[in-house]
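What follows is each chain in one-letter form.
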Amino acid sequence: AGTIPLNADAAPDGFGFDPADGIGDVTINATVQTAGQAISLSGDALIFVGGGALDGGAVTFDRTSPGTVEVGVGGVGDTNFDVDDLAKITTSDTLTIGGANTTDITVVDGTTLSRDDGGITFDAINDIFIGNNVIIDAGVNNFNGTITLNSSDTASDDNDITIGTNSHLNAHGGDVVI
């Protein structure tokens, strides 16, 4: 029982485009259930069509090429996640947004992001900015959520984690790790 990878940049030759060009969107147009197995998503965007949804263990999304990620309405990052789309991802573990190709993450002012089970991790190379009046709520169903903000570039001094005015990180008995 390993991780199930869905990589928009790993199509085999013969599909009419370069399979390693750093461009491509992961489109989910049906419910993908993995019976608790982890899902790893790589692409420039994660697009849900119709009744598309993900249901797995840990779910991770990272860009296939370096760029920014924004969460919330009106995001202007290289990759944008609307809260309604993130609600279509059910995990029994942690939802991770970001990784080795995510340069910065911004959670837009006024965003409310709830993860009923498990936790949420934001993983950026450089900066993480949680806007004003943001609520991040994890683990309300099992009273054991975890919220992790990770700025991972140790080679530079450009690693800021900023939490805006009137913003709240609620882990419901779990940990908030910065």
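Here is a short report on the structure shown in this document.

**Observations concerning the environment of K88**
Inspection of the secondary structure puts K88 in the loop between α1 (83-86) and β10 (89-91). Considered as a pair, K88 and L54 are 34 residues apart in the sequence and their alpha carbons are 6.3 Å apart. When near neighbours in sequence (up to four residues on either side) are disregarded, K88 contacts F48, G50, G52, A53 and L54.

**Considering the sheet that holds strand β6 (residues 53-56)**
Judged by pairing direction, the sheet is parallel, and its 3 strands sit side by side in the order β3-β6-β10 without closing on themselves. A single partner strand is all that each edge strand has here, and the edge strands are β3 (31-33) and β10. Strand after strand, the sheet turns through a mean of 5 degrees between neighbouring axes, direction not considered. Relative to β6, β3 runs parallel, the two being bridged by 3 bridges. Looking at the pairing, V32 lines up with L54 of β6.

**Considerations on the environment of P66**
Within the secondary structure, P66 is located in the loop between β7 (59-62) and β8 (67-71). Note: C-alpha distance between P66 and D44 (22 residues apart in sequence) is 9.3 Å. Beyond its immediate stretch of four places on either side in the chain, P66 contacts N101 and T103.

**So, the layout of surface pockets**
Here the largest pocket defines a volume of roughly 170 Å³. What lines the largest pocket is simply V83, L86, A87, I89, T90, T91, L113, S114, R115, D116 and D117. Contributions of two or more residues to the lining of the largest pocket are made by α1, β10 and β13 (112-115). Of the residues contributing to the lining of the largest pocket, the split by class is 5 nonpolar, 3 polar and 3 charged.

**A look at the packing of aromatic side chains**
Counting across every chain of the model gives 1 aromatic pair. Each ring, one from F61 and one from F81, has its centre 5.1 Å from the other, and the planes form 90 degrees; the classification is edge-to-face. Residue F61 is found in strand β7, and its partner F81 is found in strand β9 (residues 79-81); the two are separated by 20 residues along the sequence. Here F61 and F81 have matching classes, each one buried.

**Quick word on a nonpolar patch on the surface**
Taken together, the side chains of I161, I163, V176 and I178 present a nonpolar region at the surface, about 320 Å² in accessible area. Along the chain, I161 falls in strand β18 (residues 161-163).

**Let's talk about the sheet that holds strand β12 (residues 102-107)**
Spatially, β9-β8-β12-β15-β18 is the arrangement adopted by the 5 strands of the open sheet, whose pairing is parallel. At either margin of the open sheet sits one strand with a lone partner, and together these are β9 and β18. Each strand axis lies, on average, 10 degrees off the axis of its neighbour in the sheet, ignoring direction. Judged from the 3 bridges that link them, β8 and β9 form a sheet pairing that is parallel. Bridging from a neighbouring strand, V71 pairs with F81 of β9.

Scoring rules and cut-offs
Residues numbered from 1 in each chain as written. Predicted model: local features only at pLDDT ≥ 70, side-chain atom pairs only at ≥ 80, totals over all residues. Heavy atoms only, no water. Helix = DSSP H or I, 4+ residues; strand = E, 2+ residues; numbered from the N terminus. Contact = heavy atoms within 4.5 Å. Pairing = 2+ DSSP bridges. Axes fitted to C-alpha atoms, helices over the stretch in contact; angles between N-to-C directions. 1 Å grid on protein atoms, 1.4 Å probe; cavity = no way out; pocket = protein on both sides within 12 Å on 5 of 7 lines; lining within 4 Å. Points joined across faces, edges and corners; volume = space filled by probe spheres on them. Nonpolar A, V, L, I, M, F, W, Y, C, P; charged D, E, K, R; others polar. Phe/Tyr/Trp six-rings, centres within 6.5 Å; stacked < 30°, edge-to-face > 60°. Buried < 20%, exposed > 50% of the residue type's maximum accessible area, 1.4 Å probe, protein only. Patch = residues over 30% accessible without salt bridge, like charges linked within 9 Å, V, L, I, M, F, W, Y side chains within 5 Å. Areas by Shrake-Rupley, 256 points an atom, 1.4 Å probe, with all protein chains shown as cover. Salt bridge = Lys/Arg side-chain N within 4 Å of Asp/Glu carboxyl O.

Remember that the coordinates give geometry; whether it matters functionally is a separate question.
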